[in-house]
Amino acid sequence: MIQKVQEYTRRVFMTAGALPRKKVRTKWFARDWRLYLMLVLPVAFYLIFCYKPMLGIMIAFQKYNPVKGMWGSQFIGLKNFTDVMRLSDFKPALFNTLWLNFLGLLAGFPVPIILAIMLNELKAIRFKKVSQTLLYLPHFLSWIIIGGMVLQIFAPKTGVINALLLKWGWIDKSIPFLTDGPHWQFTYTLVGVWQSMGWGTILYLSAITGINMELFEAAKIDGANKMQQIWHVTLPGIRSTIAVLLILSVGQMMNISFDRPFILGNPQVRDYGDVLSTFVYRIGIEKAQYARATAIGLFQSLVGLILISTANFTIKKLGEEGIW
Amino acid sequence: MTEKTMKMPAAGIGKKRKSIWTLPQIILAFVIFLFSIACLLPFVNVLALSLSSKSAILRGAVSFWPVEFETTAYQVIFNDASMIRSLFFTILITVVYTLFSMILTILLAYPLTKKRLRGRKFFNLLALFTMYFSGGTIPLFLNVVDLGLIDTPWALILPGMLSTYNMIILKSFFTALPHELEEAAIIDGANDFQVLMRVYIPLSLAALATLTLFYAVGKWNSFQDALYYIRTKKEYQPLQLKLYNAIQSSAKSAEISAQEGMGAVELATKTSESIRPATIIFSTLPILVVYPFVQRYFVSGVTIGAVKG
């Protein structure tokens, strides 16, 4: 028994250099087979549910026939792509994806930074904790629930916002938050900010905690007031976090979730609210044009991959740790 | 704890402890209060709507307190057998999915922390690549069709079982544990499975709890997979899909009645106005009940993930 244990520990800890090369090559599997056994299920998962669908991308280049399957269908080059580009819905969906993401970034990016700085300056601990609990809450709700609430709250006449504004006499007729294109884009952006602002503070708060306290002391001794401390110590202290998150969001411009535009959208605002993810659903699932929908998805993935690689490259150029 | 340590220096100097509520602090607290109350008010409104009478809602009289209080909407929901069944189905799916997900995540994260493992870089890349490139929704959908999972509960469980992001969180947590523990266990005769079960897992309970919650909440809230994969079988519709259908049908009926003008009264009596808010509250309640207790685990998960995102 003891001999066996000794043999095992010797195998595990012996560096490759200390053993004759040949012996090492035959022993590593005997030593680590349990680790490989553990990997079987996760690797099987990746192969079946991630890499096998990647093979399915080839139907983007086919005249796909579900009966013949992707191995039997005829290849037609880039025809699906050119067809999709010619669809009247494609350009608006592409534009809306970029535009709504841009609006979300413009309105949503600064809010968590400001909130985090304010929360950090707050001295009442209990009050701060309760506020944070409330601020994080929207992040835990599904977009279906949020969408349902939005439809209630922003409804014309019966919705609480319109009802209150009418009652107070601030407006004469209800604002079409959900039925007029530009208004809808405003509502969409506002709800996005509402959902993510609290959760977004977490990373900034932990970055602020990482700032050396002596810097604040030094600033105080130099006569800096609170605003000057925030401007000259806090903000520079979280600058790299801000930069990395900003660049990453720019890298995600082509990606848009499905749930939010799908649940908030309605036929009246199609021209303003249709995005690539909902477009793919309409073409691919509702109309069952699998090849065309796959082509849109591939186009989106490739542009997204280029954007995120550029973002990663930029982050590294700035001397920060990249995402890969 | 923190309050005590904050008080200490002032007491030590012998000054009277000053109140923290200076004017700037009050203004600051007020602004933060506005932000946080903005996160709460929508719920209060929807809750008030769900407990109000139809005529009060149609008048636009309900804001943050029920008008002409009634609980009929909840009675309708609790008498709707399909709603209750969907609730239990969603709980079942969430539990099974979370269990599978955790097993896979641990089984992948643990070997990948072992520097001695041959092919570690390859397995790592295999996992990481899926974060940045995927087949896209339609090939994923066709894959599920191909595997014969459409309209089965497995379509909601299997395809998204493993999140690479969560795996990275666990991996960085495992890596941070002192590896002398493993060496000691191996000297005591433990093999890799035993080291994992008796050393790593007991020491990572906090991280494991965090990931369990990430998976569970993600599944509870997921909607797209149900919309894509549950095409005809009503009994396999999770709560989110049911909620979506409820929202859609009442939105449609309102639209139709608004367009056609006539028949509006008829439709309005059919779909009571408080059902939709009550359904929203019904499907939010499970989250709201556990949320205050588990919130801190989520926060720790985000910060661990950021260290090596």
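Bear in mind the structure is a predicted one, so any value in this text is a computation, not a measurement. (Residues numbered from 1 in each chain as written. Chains lettered and ligands numbered in written order. Predicted model: local features only at pLDDT ≥ 70, side-chain atom pairs only at ≥ 80, totals over all residues.)

Student: Describe in detail the overall build of chain B, supporting the description with residues and values.
Tutor: Regarding its fold elements, chain B presents 16 helices and zero strands. In chain B, buried positions account for 36% of the 309 residues. Long-range pairs, those at least 24 residues apart, make up 68% of the contacts in chain B between residues at least 6 apart in sequence. (Helix = DSSP H or I, 4+ residues; strand = E, 2+ residues; numbered from the N terminus. Buried ≥ 20, exposed ≤ 12 C-beta atoms within 10 Å, placed from the backbone. Contact = placed C-beta atoms within 7 Å.)

Student: Before we move on, can you summarise the overall build of chain A with the specific residues and values?
Tutor: Scanning chain A from terminus to terminus reveals 17 helices and two strands. In terms of overall dimensions, chain A is more spread out than a globule: its C-alpha atoms have a radius of gyration of 27 Å, far above the 20 Å expected for 324 residues. Dimensions of chain A, computed from C-alpha atoms along their principal axes, come out at roughly 90 × 75 × 40 Å. Buried positions account for 37% of the 324 residues belonging to chain A. Counting contacts in chain A only where the partners sit at least 6 residues apart, residues at least 24 apart contribute 62% of the total. (Rg over C-alpha atoms; globule rule 2.2 N^0.38 Å.)

Student: Tell me about the interface of chain B and chain A, and please be specific about residues and values.
Tutor: Every contact between the two is made by 81 residues of chain B and, on the other side, 77 residues of chain A. Element by element, the count of residues in the side of chain B that touches chain A is highest for helix H2 (residues 23-50) of chain B, at 15 residues. Across the side of chain B that touches chain A, the residue classes break down as 53 nonpolar, 22 polar and six charged. (Nonpolar A, V, L, I, M, F, W, Y, C, P; charged D, E, K, R; others polar.)

Student: Explain helix H9 (residues 160-167) of chain A residue by residue, including any values.
Tutor: Taken residue by residue, H9 of chain A has Val160, Asn162 and Ala163 of chain A as its buried positions. The buried residues of H9 of chain A occupy an angular sector of 165° when projected down its axis, which confines them to one face. In this fold, the buried residues of H9 of chain A make contact with helix H8 (143-153) of chain A together with H2 of chain B. Of the residues flanking the end of H9 of chain A, it is Gly169 of chain A, one or two places downstream, whose phi is positive at about 75°. (Arc of directions from axis to C-beta.)

Student: How would you explain the nonpolar core if you had to name every residue and give the values?
Tutor: Ranked by size, the top nonpolar core spans 122 residues in total, and within it Ile296 of chain A together with Leu170 of chain B carry the most contacts. At nine residues, the largest contribution of residues to this core is made by helix H5 (residues 81-112) of chain B. Dropping the residues within four chain positions of it, Ile296 of chain A is found in contact with Val84, Leu276, Phe279, Val280 and Ile283 of chain A. Of all hydrophobic cores here, the second largest spans 13 residues; its members include Ala116, Leu119 and Tyr204 of chain A together with Ile32 of chain B. (Core = buried A, V, L, I, M, F, W, Y, C linked by C-beta atoms within 7 Å.)

Student: Outline unusual backbone geometry, listing residues and values.
Tutor: A positive phi angle, close to 55°, is found at Ala288 of chain A, a residue other than glycine. By secondary structure assignment, the location of Ala288 of chain A is in the loop between helix H16 (276-286) and helix H17 (290-317).

Student: Any chance you could break down the domain arrangement of chain B for me, citing the residues and the numbers?
Tutor: Residue and element names in this part refer to chain B. When cut into domains, chain B gives domain 1 (19-70) and domain 2 (80-309). Tallying the contact residues gives eight residues for domain 1 and seven residues for domain 2. Listing elements by their share of the side of domain 1 that touches domain 2, those giving two or more residues are H2 and helix H3 (54-59). At four residues, the largest contribution of residues to the side of domain 1 that touches domain 2 is made by H2. Here the residues of the side of domain 1 that touches domain 2 sort into five nonpolar, two polar and one charged. (Domains from an automatic or database assignment.)

Student: Would you mind going over the packing of helix H6 (residues 110-121) of chain A against helix H10 (residues 181-209) of chain A in detail, with residue names and values included?
Tutor: Residue and element names in this part refer to chain A. Their axes nearest at 7 Å, the elements H6 and H10 cross at an angle of 55°. Looking at the two axes, H6 sits oblique to H10. As H6 runs across H10, the sense of the crossing is right-handed. Taken together, the residues of H10 that come into contact with H6 (itself represented by Val111, Pro112, Ile113, Leu115, Ala116, Leu119 and Asn120) are Val193, Met197, Gly200, Thr201, Tyr204, Leu205 and Ile208. (Axes fitted to C-alpha atoms, helices over the stretch in contact; angles between N-to-C directions. Parallel < 35°, antiparallel > 145°, perpendicular 65-115°, else oblique. Left-handed = near helix turned anticlockwise from the far one by under 90°.)

Student: Lay out the domain arrangement of chain A with the relevant residues and their values.
Tutor: All names here are of chain A. With domains assigned, chain A is organised as domain 1 (2-61) and domain 2 (79-317). The straight-line distance from the C-alpha centre of domain 1 to that of domain 2 is 42 Å. Across the contact, four residues belong to domain 1 and six residues belong to domain 2.

Student: Quick rundown of the confidence of the model for chain B? Include the residues and the values.
Tutor: Residue and element names in this part refer to chain B. In the predicted model, chain B carries a mean pLDDT of 84, and 85% of its residues have values of at least 70. Here residues 1-14 is a poorly scored stretch, pLDDT under 50, and it has six contacts once near neighbours within four places are set aside; other chains count. Overall, residues 259-270 carries pLDDT values under 50, and its contacts beyond four positions in sequence, including any with other chains, amount to six contacts. Predicted as a complex, the structure gets a pTM of 0.85 and an ipTM equal to 0.84. (pLDDT = per-residue confidence, 0-100.)

Student: If you had to explain the environment of Asp192 of chain B to someone new, which residues and values would you point to?
Tutor: Examined against the element boundaries, Asp192 of chain B turns out to sit in helix H11 (residues 192-203). C-alpha of Asp192 of chain B to C-alpha of Ile168 of chain B: the two residues are 24 residues apart in sequence and 20 Å apart in space. Setting aside chain neighbours within four positions, we find Asp192 of chain B in contact with Arg34 and Leu35 of chain A.

Student: Could you give an account of the environment of Ile57 of chain A, naming the residues involved and the relevant values?
Tutor: Tracing the backbone through its elements, the reader meets Ile57 of chain A in the loop between helix H2 (21-55) and strand S1 (62-63). Each C-alpha atom of the pair Ile57 of chain A and Met70 of chain A lies 9.2 Å from the other, and the pair is 13 residues apart in sequence. Excluding its chain neighbours within four sequence positions, the residues that come into contact with Ile57 of chain A are Thr294 and Leu298 of chain A together with Gly135, Gly136 and Pro139 of chain B.

Student: Go over the packing of H8 of chain A against H2 of chain B, please, and point to the residues and values.
Tutor: At a closest axis distance of 10 Å, the pairing of H8 of chain A and H2 of chain B adopts a crossing angle of 75°. Of the possible angle classes, the one that applies to H8 of chain A and H2 of chain B is roughly perpendicular. Residue-level inspection shows Met149, Gln152 and Ile153 of chain A of H8 of chain A in contact with H2 of chain B, the latter providing Pro42, Asn45, Val46 and Leu49 of chain B. Split by residue class, the contact of H8 of chain A with H2 of chain B holds five nonpolar, two polar and no charged.

Student: Break down the confidence of the model for chain A for me, citing the residues and quoting the values.
Tutor: Residues and elements named next belong to chain A. Per-chain confidence: chain A averages 88 in pLDDT, with 92% of residues scoring 70 or above. Of all helices and strands in chain A, the one with the weakest mean pLDDT is helix H1 (residues 2-13) (58), whereas helix H5 (residues 90-108) scores best (95). Here residues 15-19 scores under 50 on pLDDT; set against residues more than four positions off or in separate chains, the count is three contacts.

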